[in-house]
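# Topology and contacts: notes
Below are the chains, spelled out letter by letter.
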Amino acid sequence: QVQLVESGGGLVQPGGSLRLSCAASGIIVSIYGMDWYRQAPGKQRELVAAITSDGSTNYADSAKGRFTISRDNAKNTAYLQMNSLKPEDTAVYSCNAHRRRFGVVRNYWGQGTQVTVSS
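Residues numbered from 1 in each chain as written. Predicted model: local features only at pLDDT ≥ 70, side-chain atom pairs only at ≥ 80, totals over all residues. Heavy atoms only, no water.

Below, the discussion takes up the pairing of strand β9 (residues 91-101). Side-chain positions along a regular strand alternate between the two faces of the sheet. In this structure, strand β4 (residues 33-39) lies alongside β9, joined through 7 bridges in antiparallel fashion. What sits directly across from Q39, in β9, is V92. Two strands pair when backbone bridges link them, and β9 and strand β11 (residues 113-117) are joined in this way by 3 bridges, in the antiparallel orientation. Bridge assignment links V92 to a residue of β11, and that residue is Q114. With 6 bridges joining them, β9 and strand β10 (residues 104-109) adopt antiparallel strand pairing. Residue pairing across strands places A97 opposite Y108, the latter belonging to β10. In sequence, β9 turns back onto β10 through a hairpin of 2 residues, with F102 there showing a positive phi of about 55 degrees. (Pairing = 2+ DSSP bridges. Helix = DSSP H or I, 4+ residues; strand = E, 2+ residues; numbered from the N terminus.)

In structure tokens:
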């Protein structure tokens, strides 16, 4: 059974930092693409950051220069380091693991963790 468990969310003041973790079981994160998405109330879910199995990264324009996605293969965990947080970063952040092999797509989601940026 595959599980993705996010942690690290919370309440932070504008300008602060948080590090989100996505601990995986049942899959090997090093061979999956790992993404972080977020969804704010009343808005569509958006891709924030992605890291491929070969380590390439990609960021939404809103995250560039402030967020860093990474992966610790030994801990089978993906991370999202978020710096210089803004109120508009407030959302539920979820991690996604995906892999396509032999035409079969495997796609898994965590339950999400709330990030609130407010003074």
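The subject of this paragraph is unusual backbone geometry. Excluding glycine, residues mostly have negative phi values, and the peptide bonds linking residues are mostly trans. The phi torsion at N76 lies on the positive side, around 55 degrees, for a residue other than glycine. Within the fold, N76 resides in the loop between β7 (67-72) and β8 (77-82). Phi angles above zero are rare outside glycine, and F102 is one such case at about 55 degrees. By the element assignment, F102 lies in the loop between β9 and β10.

Bringing the environment of S119 into the picture now. Its place among the elements puts S119 in the segment after β11. Assessed through its relative accessible area of 83%, S119 is described here as exposed. Taking the C-alpha atoms as reference points, S119 and Y79, 40 residues apart in sequence, are found 25 Å from one another. (Buried < 20%, exposed > 50% of the residue type's maximum accessible area, 1.4 Å probe, protein only.)

Turning next to the side chain of R66. Structurally, the position occupied by R66 is in the loop between β6 (57-59) and β7. Within the local environment of R66, its side chain forms a polar contact with the backbone oxygen of S62, the two atoms lying 2.7 Å apart. There is a polar contact of 3.0 Å between the side chain of R66 and the backbone oxygen of S84. When residues no more than four places from it in sequence are discounted, the contact partners of R66 are Q81, M82, N83, S84, L85, K86 and D89. (Polar contact = N/O pair within 3.5 Å; in protein donor to acceptor, adjacent residues only side chain to side chain. Contact = heavy atoms within 4.5 Å.)

Let us now look at the pattern of salt bridges. For the structure on display, the rule yields 4 salt bridges. A salt bridge links E46 to R38; the shortest N-O distance between them is 2.6 Å. Here R66 makes a salt bridge to D89, at a shortest N to O gap of 2.7 Å. Taken together, the residues R66 in the loop between β6 and β7 and D89 in the loop between β8 and β9 connect sequence positions 23 residues apart. In this structure R66 comes out as buried when scored by relative accessible area, which is 11%. Residue class for D89 comes out buried when judged on its relative accessible area of 0%. Through salt bridges that share partners, R38, E46, R66 and D89 make up one connected network. (Salt bridge = Lys/Arg side-chain N within 4 Å of Asp/Glu carboxyl O.)

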